[in-house]
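Survey of secondary and tertiary structure
Here is how the chains run, residue by residue.
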Protein chains: 2
Amino acid sequence: MNVLEKIVTSVNNFSKSERKVADVILANPQTTIHSSIAALAKMADVSEPTVNRFCRRLDTKGFPDFKLHLAQSLANGTPYVNRHVEEEDGPEAYTAKIFESTMAALDTARQRVDIPMINRAVDVLTQAKKISFFGLGASASVAHDAQNKFFRFNVPVVCFDDIVMQRMSAINSAEGDVVVCISHTGRTKNLCDIAAIARENDATVIGITAYDSPLAKECTLVLSLDVPEDTDMYMPMASRVAQLVLIDILATGFTLRRGSKFRENLKKVKDSLRGSRFEKKDFVS
Amino acid sequence: MNVLEKIVTSVNNFSKSERKVADVILANPQTTIHSSIAALAKMADVSEPTVNRFCRRLDTKGFPDFKLHLAQSLANGTPYVNRHVEEEDGPEAYTAKIFESTMAALDTARQRVDIPMINRAVDVLTQAKKISFFGLGASASVAHDAQNKFFRFNVPVVCFDDIVMQRMSAINSAEGDVVVCISHTGRTKNLCDIAAIARENDATVIGITAYDSPLAKECTLVLSLDVPEDTDMYMPMASRVAQLVLIDILATGFTLRRGSKFRENLKKVKDSLRGSRFEKKDFVS
DNA sequence: ACGCAAACTGTAATTTAATTACAAGATCTT
DNA sequence: AAGATCTTGTAATTAAATTACAGTTTGCGT
């Protein structure tokens, strides 16, 4: 685990002064690595030994060693730390923070994702007679996106964001059909119902949802994505991006399973768009 | 250019003793970063000032600064590269690759994003009488997502993925209205038309699209996101994730601009969902 | 509420590390 | 071969980091 993440995760173990140090470092990590312990102590308004103790708490040998670790963290292109947006942030600040926390979320999702389960999901999807994507609210757009990907595979795909349509569709499902239910929390009652109905009608139900949620209990197969979400904004952000990436992964797995000649087909679909677009040569800037 | 490469390329400019230092460092860079100048001098069988001069020749401020640069070079295993999925990839491989290339795409997007332009877009959006989000194909789900975010702000928001509806909506737009057109390539003819119509009717048109595309020409304000896309898969993946993050940024900018009491409102919207959900306590696993 | 113990934080002293100044030696040029 | 320049090391100086210690705060049990 890199030092920046470590600071963020162990922020609760810090004492008051140590937290001041942590704040200063997180706010300007790049300048920190070029500062002396005295300069940093002054910025954080604490004494030098406090900074030193802070470094040791993070399992480094001292301040210079800490700077080395910090430099390495920063070198990884990005400090992927889940920093929260704050009231007084300007455009640069919130833009950077949102990019970074999204990337951080993807990073944790990547680490936690259950690959054998993905493989099983791909299995199921490749053998499906019909695939349905259901989501409500923010997850509806994820379902739409999934439809947009999978319909290219020349498999019957449906996608509804209307509860009644979802319900009717679920009741009509049969063995060999696959229903994918998307919900970050997994607590949306209507969607749990849909999953249950689909299962009663012998469909295979894949849940893209939180592990151990009510929805998860109704599914044949659960792909869980527990990513940290900045709840201060009251909007699903990182979670939904992770869901989309998961859809990409399932779609990719699907095409790989089908082999290379199937890929030709995708190219055709893409080429079919040509008529609706300005060719590059059409357009002279 | 990283320090290690620099040492290798400028090996000819070094003096005899400096080359000894270079050799020792290249032989064991990892131990170097944890050594003092004295230890390194001894290993290279030179004096301490020689090591110091060596560091300065490499455009660093001194030995500690040199170690910092070296640490960064070593950390730079370029962790998030845009690796393409290949035919023979198994589930672990393609899962990792898709996560990584998405993150790499976000990283480049973050570097290239035009922050003043974002700020202007936020300006325009906060003052809008009505906001419309239009996208076709894969971008339609991004438009949906944007609607899902912005309608929470209690601003009139519409979103159409039907060309005819888009057209009618664009014709009805008026001064003070904002139309957001989303298209990765910016070459979709229908969407260019929509942008043009909206502008003719005095609406402000924001384009989330490629810089210098036909669509960009029709917009009052362009937010361009040129991210690398794995075209082998014939599906928009990374580009669409970047678009979503941009939507998140705009939405966040919007809420920040409106101030903290506005945030209360968002909380209410979120709380309104409670009735449709299983409470955590309802559910005993 | 009071007093004791533990933890936190800062000041000052000490140690360690890095840099500078300078002088001796090597190398190159004419 | 002699002057000049560049290279290298020794010793002195300065800067930085760490340790030891003491005052203060905080929390807990009586």
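The structure under discussion appears in the preceding block.
Calculation rules
- Residues numbered from 1 in each chain as written.
- Chains lettered and ligands numbered in written order.
- Predicted model: local features only at pLDDT ≥ 70, side-chain atom pairs only at ≥ 80, totals over all residues.
- Near = placed C-beta within 6 Å.
- Helix = DSSP H or I, 4+ residues; strand = E, 2+ residues; numbered from the N terminus.
- Nonpolar A, V, L, I, M, F, W, Y, C, P; charged D, E, K, R; others polar.
- Pairing = 2+ DSSP bridges.
- Axes fitted to C-alpha atoms, helices over the stretch in contact; angles between N-to-C directions.
- Contact = placed C-beta atoms within 7 Å.
- Core = buried A, V, L, I, M, F, W, Y, C linked by C-beta atoms within 7 Å.
- Buried ≥ 20, exposed ≤ 12 C-beta atoms within 10 Å, placed from the backbone.
- Expected span 1.5 Å × (residues − 1).
- Arc of directions from axis to C-beta.
- Parallel < 35°, antiparallel > 145°, perpendicular 65-115°, else oblique.

1. Topic: the protein's contact with DNA strand C
Close to DNA strand C lie 18 residues, the nearest being A:S15, A:S17, B:S36, B:I37 and B:G62. When residues of the surface near DNA strand C are traced back to their parent elements, those giving at least two are α2 (16-27) and α5 (48-57) of chain A together with α4 (37-44), α5 (48-57) and α6 (63-75) of chain B. For the surface near DNA strand C, the class distribution of residues is seven nonpolar, seven polar and four charged.

2. Quick look at the sheet that holds strand β2 (residues 157-160) of chain B
Residues and elements named next belong to chain B. If you trace the five strands from one edge of the open sheet to the other, you get β2-β1-β3-β4-β5, paired in parallel fashion. Of all the strands in the sheet, the pair left with one neighbour each is β2 and β5 (221-223). Adjacent strand axes in the sheet meet at a mean angle of 20 degrees when their direction is disregarded. Sheet topology places strand β1 (residues 130-135) next to β2; four bridges connect them, and they run parallel. Looking across to β2, one finds that S132 is bridged to V158. Against the sheet, helix α11 (residues 189-200) makes contact with β1, β3 (177-183) and β4 (204-209), and its axis sits at roughly 165 degrees relative to β3, the strand it touches most.

3. Quick look at the nonpolar core
Grouped together as the largest cluster of nonpolar side chains are 128 residues, with contacts concentrated most on A:V180, A:C181, B:V180, B:C181 and B:V241. Excluding its chain neighbours within four sequence positions, the residues that come into contact with B:V241 are A:V241, A:L244, A:V245, B:T102, B:A105 and B:L106. One finds A:V21, A:A41, B:I25 and B:L40 within the second-largest nonpolar core, a separate group that totals 37 residues.

4. Considering the protein's contact with DNA strand D
Neighbouring DNA strand D are 18 residues, the closest being A:S36, A:I37, A:G62, B:S15 and B:S17. Contributions of two or more residues to the surface near DNA strand D are made by α4 (37-44), α5 and α6 (63-75) of chain A together with α2 (16-27) and α5 of chain B. Per-class residue counts for the surface near DNA strand D are seven nonpolar, seven polar and four charged.

5. Quick look at helix α8 (residues 115-126) of chain B
The first and last C-alpha atoms of α8(B) sit 16 Å apart over 12 residues, in line with the 16 Å expected at 1.5 Å per residue. Listing the buried residues of α8(B) in full gives B:I118, B:A121, B:V122 and B:L125. Each buried residue of α8(B) sits inside an arc of 100 degrees when the element is viewed along its axis, so together they form one side. Next to the buried residues of α8(B) lie α7 (91-112) of chain A together with β1, β3, β4, β5 and α13 (238-258) of chain B.

6. Focus: the sheet that holds strand β1 (residues 130-135) of chain A
Residues and elements named next belong to chain A. Spatially, five strands are ordered β2-β1-β3-β4-β5 in an open sheet, and the strand pairing comes out parallel. Edge positions in the sheet fall to β2 (157-160) and β5 (221-223), since each of these pairs with one other strand and no more. Direction aside, neighbouring strands of the sheet carry axes that sit 20 degrees apart on average. Two elements, strand β3 (residues 177-183) and strand β4 (residues 204-209), share six bridges in a ladder whose sense is parallel.

7. Observations concerning the packing of α2(B) against α5(B)
All names here are of chain B. Running from amino to carboxyl end, α2 crosses α5 at an angle of 80 degrees, the nearest separation of the two axes being 9 Å. On the basis of the axis angle, α2 is roughly perpendicular to α5. Packed against α2, whose contacting residues are S17, E18 and V21, the element α5 presents T50, V51, F54 and R57 at the interface. Its residues assigned to classes, the contact of α2 with α5 shows three nonpolar, two polar and two charged.

8. Section: unusual backbone geometry
A positive phi is found at A:D59, a non-glycine position, where the angle reads about 60 degrees. By C-beta crowding, A:D59 is classed as exposed, having 12 other C-beta atoms within 10 Å. Backbone geometry places B:D45, a non-glycine residue, at a positive phi of 60 degrees. Position of B:D45 among the secondary structure elements: in the loop between α4 and α5. Accessibility expressed as a C-beta count within 10 Å gives 11 for B:D45, which makes it exposed.

9. Describing helix α10 (residues 163-171) of chain A
Since one α-helical turn is 3.6 residues long, residues separated by three or four positions face the same way. Residue and element names in this part refer to chain A. Listing the buried residues of α10 in full gives Q166, S169 and A170. The buried side chains of α10 occupy one side of the element, clustering within an arc of 100 degrees when seen end-on. Among the exposed residues of α10, those oriented more than 90 degrees off its buried face are V164, M168 and I171. Its buried side turned inward, α10 meets β1, β2, β3 and α11 (189-200).

10. Thoughts on the environment of A:V155
Here A:V155 lies in the loop between α9 (138-150) and β2. The spacing of A:V155 and A:T126 is 29 residues in sequence and 9.1 Å in space, taken between C-alpha atoms.

11. Details of the pairing of β3(B)
Residues and elements named next belong to chain B. Within β3, seven of the seven residues are buried, which leaves the element mostly enclosed by the surrounding structure. Side-chain alternation along β3 places D177, V179, C181 and S183 on one buried face and V178, V180 and I182 on a second face that is also buried. Where β1 and β3 come together, six bridges link them in parallel fashion. Residue pairing across strands places F133 opposite V180, the latter belonging to β3.

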